[in-house]
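Inside the fold
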2 protein chains.
Amino acid sequence: METTRPRRELSRTRIVDAAVALLDGEGTHALTMRRLAQSLGVTPTALYWHVDTKEDVLGLAVDHIFGDVPVPAASDDWRRDVRTLVGGWRAAMLRHPWAPGLIGRPMRGPNVRARTEFLQAALGRGGHEGRRLDVVTRLIANFVIGSAVTEAAWGRTSPHDDDLFHGGLDELLR
Amino acid sequence: METTRPRRELSRTRIVDAAVALLDGEGTHALTMRRLAQSLGVTPTALYWHVDTKEDVLGLAVDHIFGDVPVPAASDDWRRDVRTLVGGWRAAMLRHPWAPGLIGRPMRGPNVRARTEFLQAALGRGGHEGRRLDVVTRLIANFVIGSAVTEAAWGRTSPHDDDLFHGGLDELLR
DNA sequence: ACCTGAACACCGTTCAAGT
DNA sequence: ACCTGAACACCGTTCAAGT
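Note that the structure is predicted; figures quoted are calculated from it, not measured. (Residues numbered from 1 in each chain as written. Chains lettered and ligands numbered in written order. Predicted model: local features only at pLDDT ≥ 70, side-chain atom pairs only at ≥ 80, totals over all residues. Heavy atoms only, no water.)

Before going further, it helps to examine the relation of the copies chain A and chain B. If you rotate chain A by 180° and push it 0.0 Å along the axis, it lands on chain B with an RMSD of 0.1 Å. Expressed as a symmetry operation, the mapping of one chain copy onto the other fits a two-fold axis. A symmetric contact is evident, with 100% of the interface residues of chain A recurring at the interface of chain B. (Least-squares fit on C-alpha atoms with pLDDT ≥ 70 in both. Contact = heavy atoms within 4.5 Å.)

All names here are of chain A. Domain boundaries assigned for chain A yield domain 1 (12-64) and domain 2 (71-172). One C-alpha centre belongs to domain 1, the other to domain 2, and the line joining them spans 27 Å. Domain 1 puts 11 residues into the contact, and the matching count from domain 2 is 11 residues. Overall, the association of domain 1 and domain 2 removes approximately 950 Å² of surface from exposure, summing both partners, and the carbon and sulfur fraction of that is 62%. (Domains from an automatic or database assignment. Buried area = accessible area lost by both parts, 1.4 Å probe.)

Residue and element names in this part refer to chain B. Packing of helix α1 (residues 12-26) against helix α4 (residues 54-66) leaves a shortest axis separation of 9 Å and a crossing angle of 80°. Regarding the angle of α1 to α4, the classification is roughly perpendicular. Counted together, R12, I15, V16, D17, A19, V20 and L23 of α1 and D56, V57, L60, A61 and H64 of α4 form the full contact between these two elements. The residue makeup of the contact of α1 with α4, split by class, is eight nonpolar, one polar and three charged. (Axes fitted to C-alpha atoms, helices over the stretch in contact; angles between N-to-C directions. Helix = DSSP H or I, 4+ residues; strand = E, 2+ residues; numbered from the N terminus. Parallel < 35°, antiparallel > 145°, perpendicular 65-115°, else oblique. Nonpolar A, V, L, I, M, F, W, Y, C, P; charged D, E, K, R; others polar.)

Take the nonpolar core next. If you look at the biggest cluster of nonpolar residues, it comprises 105 residues, and the most contacted ones within it are L36(A), I140(A), L36(B) and I140(B). Setting aside residues up to four positions removed in sequence, I140(B) forms contacts with V82(B), V86(B), L119(B), L123(B), L169(B), L172(B) and L173(B). (Core = buried A, V, L, I, M, F, W, Y, C linked by side-chain atoms within 4.5 Å. Buried < 20%, exposed > 50% of the residue type's maximum accessible area, 1.4 Å probe, protein only.)

Written out as structure tokens, the structure is:
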């Protein structure tokens with residue numbers, strides 16, 4: 001089929017990986033198309049063959065970190081399922097503190113969608129349905145996002161923040 | 001426009017007002033120090049006498065829009081107080097859709113702090129205290145922020161979004 | 001198909017100098 | 001105290017050209 005070449009080729013995924021590395025290492029302001037290209041040993045303009053725009057790269061980077069959120073197997077304890085998913089969700093964002101600030105854009109990524117659907121399904125197993133199911137799904141999702149945004153903004157997350165977050169989640173799953 | 005009219009003097013507040021106008025009119029990408037200066041009939045570098053950095057301007061702009069959120073007089077119906085405050089909070093953010101995306105750092109502004117304290121006081125009147133008061137305050141604040149962030153990201157807010165938001169709030173004030 | 005080089009139209013910020 | 005002008009070190013993106 002395809003012979004592996006000695007030179008690593010450029011690709012969409014390689015670009016996204018490099019972008020995440022740059023964001024993790026040096027923060028939002030460090031992600032420029034030029035520095036990104038440099039970290040890949042390539043010309044800035046080369047990126048544009050694989051990617052439409054910088055905004056595009058940012059969106060892919062956000063969706064990428066959601067891919068690391070483990071989707072638990074659905075168990076018979078729906079509350080635990082929700083807590084596991086949402087805890088991983090929050091942890092992923094706090095592990096990449098640049099991500100919450102970037103969630104002003106395409107949450108349309110497939111990884112994000114899959115997690116949201118799992119959340120909704122778990123709440124469905126909890127007996128919610130109809131409008132109430134939609135309400136509670138959004139309530140939880142927006143609480144998690146809001147928490148991540150404000151905590152990431154503050155710099156570091158304290159044990160007190162963790163406590164308040166889990167307390168809030170308990171309140172919602174009561 | 002009116003070159004004959006004597007130019008008003010530059011000031012911190014005049015800069016912030018112009019920044020908000022620019023953000024409202026043309027969005028985040030339009031706010032550059034150069035265009036901001038131009039809209040004030042002044043040299044880009046003149047801004048730096050009144051303001052430290054562009055980040056500074058952004059922070060002031062966010063706090064400014066929170067100043068427009070009416071803080072209701074505390075009544076004997078704490079639930080209504082919460083709903084009024086939080087509704088105005090959300091409305092202000094959706095009126096300036098660039099704001100949620102900018103809620104990075106400047107939740108330290110005085111306008112923001114005043115609203116948060118009113119929220120906590122109202123919940124206190126509702127009988128919450130100790131850890132539970134902190135938990136619920138954060139829960140509501142982060143829900144509002146998360147809602148504004150995701151809705152602003154999606155472009156426009158539909159009546160369905162409104163419905164889900166108020167449903168969520170009812171759930172929290174149950 | 002995939003990448004380079006040069007170019008365009010911008011940026012934020014500093015700093016000496018003017019008033 | 002307040003503002004200008006020039007300059008520095010960057011940006012994202014397009015496009016012809018090479019392979």
